[in-house]
Amino acid sequence: MENDNSTVVKEFILLGLTQSRDIQLLVFVLVLIFYLIILPGNFLIILTIRSDPGLTAPLYFFLGNLAFLDASYSFIVAPRMLVDFVSEKKIISYRGCITQLFFLHFLGGGEGLLLVVMAFDRYIAICQPLHYSTVMNPRVCYALLLALWLGGFIHSIIQVALILRLPFCGPNQLDNFFCDVPQVIKLACTDTFVVELLMVFNSGLMTLLCFLGLLASYAVILCRVHGSSSEGKSKAVSTCTTHIIVIFLMFGPGIFIYTRPFRAFPADKVVSLFHTVIFPLLNPVIYTLRNQEVKASMRRLFNQHIA
């Protein structure tokens, strides 16, 4: 190779989730059924929140954006994975790989920051209720939304910039069913120790800090509502429990994947499957199933279309 910064590899071969055809078929059927059932549910959440004048509180504004982010996130990996299950050659171009990696971290980073914003919203609503309408006014909500999209973009562009500086001269087999930082870095024809440290800092450390910060914030909220009325306490505990479940689903796999050196573990692919396909589609549904107002609005919307 004449230039250490050049990239000879033009495409990557994805080794997939497993080499067993029986397991591939089983996962294909299960993911397809799950995808076709849950994905429309995310769009139903967005439609319900947009069409019901009673769901204008910041909580529902952010919930609608969470459903949009998760639905968009699911399009990055799942459709191609389903196609690859029935394809003999699982090939993705170098540019396609970088594009997939960019959107994966762009939307994933944005979603992580959105959960931080939702925690802030709940803190103000529960701990400072008299100031809630003043603090969480529409202008602030849109500013927070813009900030989290910008944060996700900055996080992702750093990942991509570091990858683009690496030379790839072969081999070109990615031991996964999609392109992500840990697997791509391993194929670089140079020492990647410094790049791995930067990646762990950009993805792993930030994920861990957000996770711990969110858990601490909900612990503070639960402590503050400890002495409130039984009705208020029950609603606050229910809301916080829902948020904490989603936090574990969102950040748990991310911490497992990104906060350690990029060495392969047997559970990596399974964790990645849940992190990129299953959990993103489930998050808004979990919020909705535990929110009486959204469920009631969905029933009204359904009855209007039946009538």
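The chain is annotated in an unreviewed UniProt entry as Olfactory receptor from Callorhinus ursinus. We quote the UniProt Function (unreviewed entry) comment for the chain here in full: "Putative odorant or sperm cell receptor."

Attention now goes to the packing of helix H3 (residues 94-127) against helix H5 (residues 138-164). Viewed as axis vectors pointing N to C, H3 and H5 meet at an angle of 145 degrees, and their least axial separation amounts to 7 Å. Considering only the axes of H3 and H5, their crossing is right-handed. Residues belonging to the contact of H3 with H5 are distributed by class as follows: 17 nonpolar, eight polar and no charged.

A full pass over the atoms with the stated rule returns two disulfides. Two residues share a disulfide in this structure: Cys97 and Cys179, whose sulfurs sit 2.1 Å from each other. With the S-S bond torsion at -120 degrees, the cross-link from Cys97 to Cys179 turns out left-handed. Placement of Cys97 in helix H3 and of Cys179 in the loop between strand S3 (173-174) and helix H6 (181-186) is noted, with a sequence separation of 82 residues between them. Take Cys97 and Cys179: they sit in the same class, and that class is buried. A sulfur-sulfur separation of 2.0 Å characterises the disulfide bridge that pairs Cys169 with Cys189. When the S-S torsion is -130 degrees, as for the bridge of Cys169 with Cys189, the disulfide is left-handed.

Another point: the UniProt feature "transmembrane region" (unreviewed entry) in the chain. Following the UniProt record, the feature "transmembrane region" (unreviewed entry) maps to residues 23-47, 59-78, 98-120, 140-164, 205-225, 237-258 and 270-289 here. With 100% helix and 0% strand, residues 23-47 has its two end C-alpha atoms placed 36 Å apart. Span residues 140-164 is 100% helix and 0% strand, its end C-alpha atoms 36 Å apart.

Glancing now at the sheet that holds strand S1 (residues 11-14). If you trace the three strands from one edge of the open sheet to the other, you get S2-S1-S3, paired in mixed fashion. Both edges of this open sheet fall to strand S2 (91-93) and S3, since each of them pairs with a single strand only. Strand direction decides the pairing type here: S1 and S2, joined by three bridges, are antiparallel. Its bridge partner lying in S2, Glu11 is registered against Ser93. Running at roughly 85 degrees to S2, H3 makes contact with S1, S2 and S3 of the sheet.

On to empty space enclosed by the protein. Evaluated as defined, the whole model comprises three cavities of 30 Å³ or more. Considered as a void within the structure, the largest cavity measures approximately 90 Å³ in volume. Taken together, 13 residues make up the lining of the largest cavity; nearest its centre are Pro182, Gln183, Ile257, Arg260 and Asp268. Looking at the lining of the largest cavity, the elements with two or more residues in it are H6 and helix H9 (268-289). With three residues, H6 is the largest single contributor of residues to the lining of the largest cavity. Classifying every residue of the lining of the largest cavity by side-chain character gives five nonpolar, three polar and five charged. Together, Leu14, Gly16, Leu17, Met81, Asp84, Phe85, Lys90 and Phe177 line the second largest cavity. Ranked by the residues each element gives to the lining of the second largest cavity, the list is headed by helix H2 (residues 58-85), at three residues. Split into classes, the residues belonging to the lining of the second largest cavity amount to five nonpolar, one polar and two charged.

Definitions and cut-offs
Residues numbered from 1 in each chain as written. Predicted model: local features only at pLDDT ≥ 70, side-chain atom pairs only at ≥ 80, totals over all residues. Heavy atoms only, no water. UniProt positions renumbered as here; feature names shortened; annotations may be inferred. Axes fitted to C-alpha atoms, helices over the stretch in contact; angles between N-to-C directions. Helix = DSSP H or I, 4+ residues; strand = E, 2+ residues; numbered from the N terminus. Left-handed = near helix turned anticlockwise from the far one by under 90°. Nonpolar A, V, L, I, M, F, W, Y, C, P; charged D, E, K, R; others polar. Disulfide = S-S within 2.5 Å. Buried < 20%, exposed > 50% of the residue type's maximum accessible area, 1.4 Å probe, protein only. Pairing = 2+ DSSP bridges. Contact = heavy atoms within 4.5 Å. 1 Å grid on protein atoms, 1.4 Å probe; cavity = no way out; pocket = protein on both sides within 12 Å on 5 of 7 lines; lining within 4 Å. Points joined across faces, edges and corners; volume = space filled by probe spheres on them.

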